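Observations on the model geometry
Each chain, letter by letter, is given below.
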Amino acid sequence: SEEDLQAHFEHTIERDQRIEPRDWMPDGYRKTMIRQIAQHAHSEIIGMQPEGDWITRAPSLRRKAILLAKVQDEAGHGLYLYSASTTLGADRAELTDKLINGRQKYSSIFNYPTLTFADVGVIGWLVDGAAICNQVPLCRSSYGPYARAMIRICKEESFHQRQGYELLMTMMRGTEAQREMVQDAVNRWWWPSLMMFGPPDAESPNTAQSMAWKIKRHTNDELRQRFVDMSVPQAEALGVTFPDPDLQWNAERGHYDFGEIDWSELKRVISGDGPCNAERIARRRKAQEDGAWVREAAAAHAAKKGATA
Ligand code: FAQ
């Protein structure tokens, strides 16, 4: 009966075991999982654009090869995640349609421009750093296909993060102008990186239920604090500062205190009004339209093969 199924589901969650695609799950769980996985997949795909803008302008063949590989990894992450969403009954074409029609979200962070090559390094260091901080606990998320996808994704993200940090170290050993470029990029990306973790706990409508279902293992504010704590010594080692006069060690809490985040900015960017939202979606829409003939040809080929098999 429905009650037995519900009890079995709850027992599975309680014992820290995984929910698998064929298992019964409450509609709300399925909906939440599809929402989070789709948003995550869209972020990876839209996230190819800010760095992708620098592939043709990378300063050396080595940097270009590294950047190409990183952006390709992001495409791969998007694809595993769309696959994970289909195990819940989602339709990938429909998810893409919702993205390009503004009916599904992607991470706010990808709506900011990449003005100099230092931004490529800072995205690796801070944006991938924040992504890892958020995603390592998701390797223990209760939905099996999502948790397993996270393991591989996190390994690749760690490599991306080191890549960004190494790029910045190199620039910091360069000229004064290069050091200024790095500091300027850090100034522009620091606050948006903190916003990646989502609204504060008191204003996060999904956290309580997602924690109860063990989809999320920590709250938005817990992960944001963890990220601040790990980033400060990295900034010191690099020789840059964060644009926050309130940032300081609090011995009593055993954490860094930091200034108030401009939540109105996050709201604006999420609702479509960030610096690059229109540009990002227009580009994604064009790629989808330009690729239509490939999808049609592949479907026609598959139908033909199916007919003769
Ligand atoms: N941007 O109730 P909550 C990457 C939405 S990393 C946009 O707290 P939740 C790697 C939220 O969806 C980036 N929307 O929601 C990479 C919800 O929407 P609703 C992607 C945001 O889900 C690096 C509403 O606000 N990572 O791509 C944001 O419990 C470099 C209320 O929020 C993931 O997606 C935001 N920052 O917690 C690629 C990780 N924050 O209900 C390329 C998986 C919140 O209206 C280059 N996701 N919202 O539909 C998660 O861990 C969670 O979904 C959170 C939000 C923590 C993002």
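Look up a bit, the structure's there.
Residues numbered from 1 in each chain as written. Predicted model: local features only at pLDDT ≥ 70, side-chain atom pairs only at ≥ 80, totals over all residues. Heavy atoms only, no water.

1. Observations concerning the packing of aromatic side chains
Quick note on the threshold: Two rings from Phe, Tyr or Trp (for Trp, the six-membered ring) form a pair when their centres sit within 6.5 Å of each other. Planes less than 30 degrees apart are called stacked, planes more than 60 degrees apart edge-to-face, and all others tilted. Here a strand is any run of E in DSSP of at least two residues, a helix any run of H or I of at least four, and the numbering for each starts at the N terminus. Relative accessibility decides the category of a residue: with a 1.4 Å probe and only protein chains considered, values under 20% of the type maximum give buried, values over 50% give exposed, and everything between is partly exposed.
Counted by the stated rule, this structure contains eleven aromatic pairs. Ring geometry for Tyr 29 versus Trp 213: centroids 5.6 Å apart, planes at 80°, classification edge-to-face. With Tyr 29 in helix α2 (residues 27-46) and Trp 213 in the loop between α9 (207-212) and α10 (220-238), the pair connects residues that are 184 residues apart, well separated along the chain. In this structure, Tyr 29 and Trp 213 share a single accessibility class: buried. On the basis of an interplanar angle of 40° and a centroid distance of 5.5 Å, the ring pair of Phe 197 and Phe 227 is categorised as tilted. Here the residue Phe 197 occupies a position in the loop between α8 (176-195) and α9, and Phe 227 occupies one in helix α10, the gap between them amounting to 30 residues.

2. So, the nonpolar core
Counted only if it meets this: The term nonpolar core refers to a set of buried residues drawn from Ala, Val, Leu, Ile, Met, Phe, Trp, Tyr and Cys, joined through side-chain atoms within 4.5 Å. The contact definition used throughout considers only heavy atoms, calling two residues in contact when any of these lie within 4.5 Å.
Judged by nonpolar contacts, the single largest core of 50 residues is most densely connected at Trp 125, Val 182, Trp 189, Trp 190, Phe 227, Val 240 and Phe 242. If you list the elements that add at least two residues to this core, you get α4 (61-86), α6 (118-135), α7 (144-172), α8, α10 and α11 (263-270). Counting residues per element, this core draws most heavily on α6, which supplies nine residues. Beyond its immediate chain neighbours, meaning those up to four positions away, Trp 190 contacts Leu 126, Phe 227, Val 228, Ser 231, Phe 242, Pro 243 and Asp 244. Residues Ile 19, Tyr 29, Ile 153 and Trp 213 belong to the second largest nonpolar core, which totals 26 residues.

3. Let's talk about the site of the ligand
Note the following rule: Nearness is judged by heavy atoms alone; a residue qualifies as near a molecule or strand once a single heavy atom is within 4 Å of it. Pairs of N or O atoms are called polar contacts if they sit within 3.5 Å, as long as, within protein, a hydrogen donor faces a hydrogen acceptor (for residues adjacent in sequence, only side-chain-to-side-chain pairs). Using the Shrake-Rupley algorithm and a 1.4 Å probe, accessible areas are obtained, with residue cover drawn only from the displayed protein chains. Amino acids are sorted into nonpolar (Ala, Val, Leu, Ile, Met, Phe, Trp, Tyr, Cys and Pro), charged (Asp, Glu, Lys and Arg) and polar (every other residue, Gly among them).
Taken together, 34 residues lie around the ligand, and Gln 39, Lys 105, Ser 204, Lys 216 and Asn 220 are the ones closest in. The side chain of Lys 105 places a nitrogen or oxygen atom 2.5 Å from an oxygen atom of the ligand. Here the ligand has 1100 Å² of accessible area as a free molecule, and 91% of this is covered by the chains. For the shell around the ligand, the secondary-structure elements that each account for two or more residues are α2, α4, α6 and α7. Broken down by element, the shell around the ligand gets its largest block of residues, six residues, from α2. Looking at the shell around the ligand residue by residue, the class counts come to twelve nonpolar, 13 polar and nine charged.

4. Notes on the side chain of Gln 104
With respect to the secondary-structure elements, Gln 104 resides in the loop between α5 (92-100) and α6. In terms of polar contacts, Gln 104 uses its side chain to reach the side chain of His 42, at 2.8 Å. In this structure Gln 104 touches Ala 38, His 42, Leu 95, Lys 98 and Leu 99, once residues within four positions along its chain are discounted.

5. Overview of a negative patch on the surface
We count it as follows: Patch definition: residues above 30% relative accessible area lacking any salt bridge, with like charges linked at up to 9 Å and the nonpolar side chains Val, Leu, Ile, Met, Phe, Trp and Tyr linked at up to 5 Å. Whenever a carboxyl oxygen of Asp or Glu lies within 4 Å of a side-chain nitrogen of Lys or Arg, that contact is scored as a salt bridge. For the purpose of charge, His is not counted, nor are the chain termini; Lys and Arg are scored as positive and Asp and Glu as negative. Every charge is mapped to an atom, namely NZ of Lys, CZ of Arg, CG of Asp or CD of Glu.
A cluster of like negative charges, contributed by Glu 2, Glu 3, Asp 4 and Asp 27, occupies part of the molecular surface. Here Glu 2 lies in helix α1 (residues 2-14). On the accessibility criterion, Glu 2 (55% relative accessible area) is exposed.

6. Things to note about the environment of Val 240
Relative to the assigned elements, Val 240 resides in the loop between α10 and β1 (248-250). A C-alpha to C-alpha distance of 15 Å links Val 240 and Ile 123, two positions 117 residues apart in sequence. Not counting the four nearest positions on each side in its chain, Val 240 is found in contact with Trp 125, Met 172, Val 182, Gln 183, Val 186 and Ala 235.

7. Brief notes about the environment of Ser 43
As for its placement among the helices and strands, Ser 43 is situated in helix α2. Non-local contacts of Ser 43, meaning those with residues more than four positions away in its chain, are made with Tyr 106, Ser 107 and Phe 110. For Ser 43, the side chain forms a polar contact with the main-chain oxygen of Gln 39, separated by 2.7 Å. A polar contact of 2.9 Å, which involves the side chain of Ser 43, links it to the backbone nitrogen of Ser 107.

8. Side note on the packing of α2 against α5
Heads up, the rule is: For helices, the fitted line uses only the C-alpha atoms of the stretch in contact; every axis is such a line through C-alpha atoms, and the angle between N-to-C directions lies from 0 to 180 degrees. In this scheme, roughly parallel covers angles under 35 degrees and roughly antiparallel covers those over 145, while 65 to 115 is roughly perpendicular and the rest are oblique. With the far helix as reference, a near helix turned anticlockwise by less than a right angle produces a left-handed crossing, and one turned clockwise produces a right-handed crossing.
Packing of α2 against α5 leaves a shortest axis separation of 11 Å and a crossing angle of 70°. On the basis of their axis angle, the class for α2 and α5 is roughly perpendicular. Regarding α2 and α5, the two cross each other, and that crossing is right-handed. Side by side, α2 and α5 meet where Ile 34, Ala 38, His 42 and Ile 46 of the first sit next to Leu 95, Thr 96 and Leu 99 of the second. Taken together, the residues that form the contact of α2 with α5 break down as five nonpolar, two polar and no charged.

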